[in-house]
Amino acid sequence: MANCSFEGQSVTVRIQRFNPEVDKKPRLKEFVITLEPGTTILDALREIKNEQDGSLTYRRSCRHAICGSCAMNVNGKNMLACNQPLKDHLDRKGRITIRPLPYQPIIKDLVVDRSVFWGQYQRVKPWLIPPRDVPEKEFCMSPEEVEALKNAEKCIMCGACYASCQVIGLNKRYIGPHALLKAFQRILDPRDSAPGERLADVAGDDGVFRCHTIFNCIDACPKELNPTQAIETLRKLAQKRQAFDAQRRERQKSLINSAPIMSAERPGV
Ligand code: FES
């Protein structure tokens with residue numbers, strides 16, 4: 001809840017601390033800082049690390065909601081620390097509680113091990129697989145085809161959706177909303193030549209039919225993307241996979257039909 005009344009006053013930042021090499025379990029540690037106008041949650045962490053406790057550990061890089069590295073759990077909700085004003089997350093007593101993203105092993109303090117997250121991303125082959133023949137200059141997608149991608153390319157892989165998904169909490173083999181959104185982007189892209197194979201993969205035991213449609217991923221996404229809708233689209237396409245595959249081959253013929261073409265090395269699928 002927004003609260004502007006603490007500017008210039010002391011506020012309490014409670015941070016979960018845990019060093020698996022020496023601690024038996026995580027604990028909350030309180031730090032007091034003065035709330036300056038414009039302070040973000042990431043600014044507060046940096047001030048605490050620089051001036052109070054150099055051992056505090058967290059990830060950050062761009063500070064502009066681009067790299068996705070500063071995602072963490074603030075008052076029970078996953079978000080980016082760098083684009084959130086601290087004052088918006090203080091309770092009536094001027095306190096905020098920061099924990100690492102859930103459902104992943106803690107490496108130290110607010111840093112989690114994202115190996116499984118990235119493994120699932122790799123699994124869906126996030127790169128474009130072009131057809132053998134490609135135009136010399138460019139593919140010209142229609143505005144409708146671009147619109148159908150639903151801004152999926154804006155995903156910054158921060159993991160906020162993944163760490164809010166209760167299915168991930170139960171089953172780490174589930175591909176996850178982040179990777180399924182990327183699969184959706186590639187499958188809907190008319191330049192991609194492997195939609196059938198991709199659909200077969202995401203329709204497997206650990207794929208789109210595991211989603212419980214709880215919508216947590218939508219609430220958590222700092223880019224206002226909609227992984228749930230993407231997963232729903234993939235479910236429908238998976239059920240008519242062969243027809244969709246044939247439709248794609250026809251569309252690719254028309255994409256390159258009027259342009260000079262060149263042969264491309266097709267990467268391994
Ligand atoms: S530091 Fe890059 S998204 Fe926050």
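Note that the coordinates shown come from a computational prediction; the quantities given were computed from them, not determined experimentally.

Enquirer: Looking at this model, I keep getting lost on the overall build of the protein. Mind explaining?
Expert: Looking only at helices and strands, one finds 9 helices and 9 strands in the protein. On the principal axes, the C-alpha backbone points of the protein span a range of 65 × 35 × 30 Å. Counting every position in the protein, which comprises 269 residues, the buried fraction comes to 36%.

Enquirer: Hey, could you run me through the packing of helix α5 (residues 177-188) against helix α8 (residues 227-239) in this one?
Expert: The angle between the axes and the distance between the axes are what describe a pair of packed helices. In the contact formed by α5 and α8, the axes pass within 9 Å of each other and the chain directions differ by 55 degrees. Regarding the angle of α5 to α8, the classification is oblique. Between α5 and α8 the crossing geometry is left-handed. On the side of α5, the interface is formed by P177, L180, L181, A183, F184 and I187, while α8 contributes P227, A230, I231, T233, L234 and L237. Within the contact of α5 with α8, the residues separate by chemical class into 11 nonpolar, 1 polar and no charged.

Enquirer: It is not clear to me how the nonpolar core should be interpreted in this structure. Could you clarify?
Expert: Note on soluble globular proteins: their nonpolar side chains tend to be buried together. The biggest cluster of nonpolar side chains holds 61 residues, and the ones touching the most others in it are A71, A160, L180, A183, F184, V202 and L234. Top element by residues in this core is α5. It accounts for 7 residues. Here this core spans two domains, since at least three of its residues come from each of domain 1 (10-112) and domain 2 (115-263). With sequence-adjacent residues up to four places away left out, A71 is seen in contact with N78, M79, L80, L101, C158, G159 and A160.

Enquirer: Looking at this structure, I do not really get the pairing of strand β2 (residues 27-34). What am I missing?
Expert: Where a strand is regular, its side chains alternate between the two sheet faces. Burial within β2 is sparse, with just 0 of its 8 residues counted as buried. Bridge count between strand β1 (residues 10-17) and β2: 8 bridges; the pairing is antiparallel. Residue V13 lies in a different strand from β2, and its bridge partner there is F31.

Enquirer: Just checking my understanding: could you explain the pairing of strand β4 (residues 77-80) for this structure?
Expert: In this structure, strand β3 (residues 71-74) lies alongside β4, joined through 4 bridges in antiparallel fashion. Considered in β4, the bridge of A71 is made with L80. Counted along the chain from β3 to the antiparallel partner β4, the turn is 2 residues long, and its residue N75 has a positive phi close to 50 degrees.

Enquirer: Looking at this structure, how should I read the sheet that holds strand β5 (residues 95-99)?
Expert: The strands that make up a sheet are held in pairs by hydrogen bonds between backbone atoms, and each pair lies either parallel or antiparallel. Spatially, β2-β1-β5-β3-β4 is the arrangement adopted by the 5 strands of the open sheet, whose pairing is mixed. Of all the strands in the sheet, just β2 and β4 have a single pairing partner and so form its edges. Here the average twist between neighbouring strands, direction ignored, is 35 degrees. Contacts from helix α1 (residues 41-51) reach β1, β2, β3 and β5, with the element oriented near 95 degrees to β2.

Enquirer: Is there a simple way to explain the environment of I156 in this structure?
Expert: Here I156 is to be found in the loop between α3 (143-148) and α4 (166-170). Between the C-alpha atom of I156 and that of C221, which follows or precedes it by 65 residues, the distance is 9.7 Å. Apart from the residues within four sequence positions on either side, I156 is in contact with I66, C67, G68 and K223.

Enquirer: Would you mind going over the environment of R249 with me for this structure?
Expert: One can find R249 in helix α9 (residues 241-257). Sequence separation between R249 and R191 is 58 residues, and the spatial gap between their C-alpha atoms is 9.7 Å.

Enquirer: What is the right way to look at the domain arrangement of the protein in this model?
Expert: It is common to report an interface's size as the accessible area lost on association of the parts. Here the domain parsing of the protein yields domain 1 (10-112) and domain 2 (115-263). Listed per partner, the contact involves 13 residues of domain 1 and 12 residues of domain 2. Among the elements that make up the side of domain 1 that touches domain 2, the one with the highest residue count is β4 (3 residues).

Enquirer: Would you explain the packing of helix α2 (residues 115-123) against α5 in this entry?
Expert: Look at α2 against α5: their axes get within 8 Å of each other, and the N-to-C directions meet at 20 degrees. For the element pair α2 / α5, the angle class is roughly parallel. The two elements α2 and α5 meet at a crossing, and its hand is right-handed. Here F117, Q120, Y121 and R123 of α2 come into contact with α5, specifically with H178, A179 and K182. In terms of residue class, the contact of α2 with α5 is built from 3 nonpolar, 2 polar and 2 charged.

Enquirer: Where do I start with the environment of C67 in this structure?
Expert: By the element assignment, C67 lies in the loop between α1 and β3. By C-beta crowding, C67 is classed as partly exposed, having 17 other C-beta atoms within 10 Å. Once residues within four sequence positions are removed from consideration, C67 is found in contact with S61, C62 and I156.

About the cut-offs
- Residues numbered from 1 in each chain as written.
- Predicted model: local features only at pLDDT ≥ 70, side-chain atom pairs only at ≥ 80, totals over all residues.
- Helix = DSSP H or I, 4+ residues; strand = E, 2+ residues; numbered from the N terminus.
- Buried ≥ 20, exposed ≤ 12 C-beta atoms within 10 Å, placed from the backbone.
- Axes fitted to C-alpha atoms, helices over the stretch in contact; angles between N-to-C directions.
- Parallel < 35°, antiparallel > 145°, perpendicular 65-115°, else oblique.
- Left-handed = near helix turned anticlockwise from the far one by under 90°.
- Contact = placed C-beta atoms within 7 Å.
- Nonpolar A, V, L, I, M, F, W, Y, C, P; charged D, E, K, R; others polar.
- Core = buried A, V, L, I, M, F, W, Y, C linked by C-beta atoms within 7 Å.
- Domains from an automatic or database assignment.
- Pairing = 2+ DSSP bridges.

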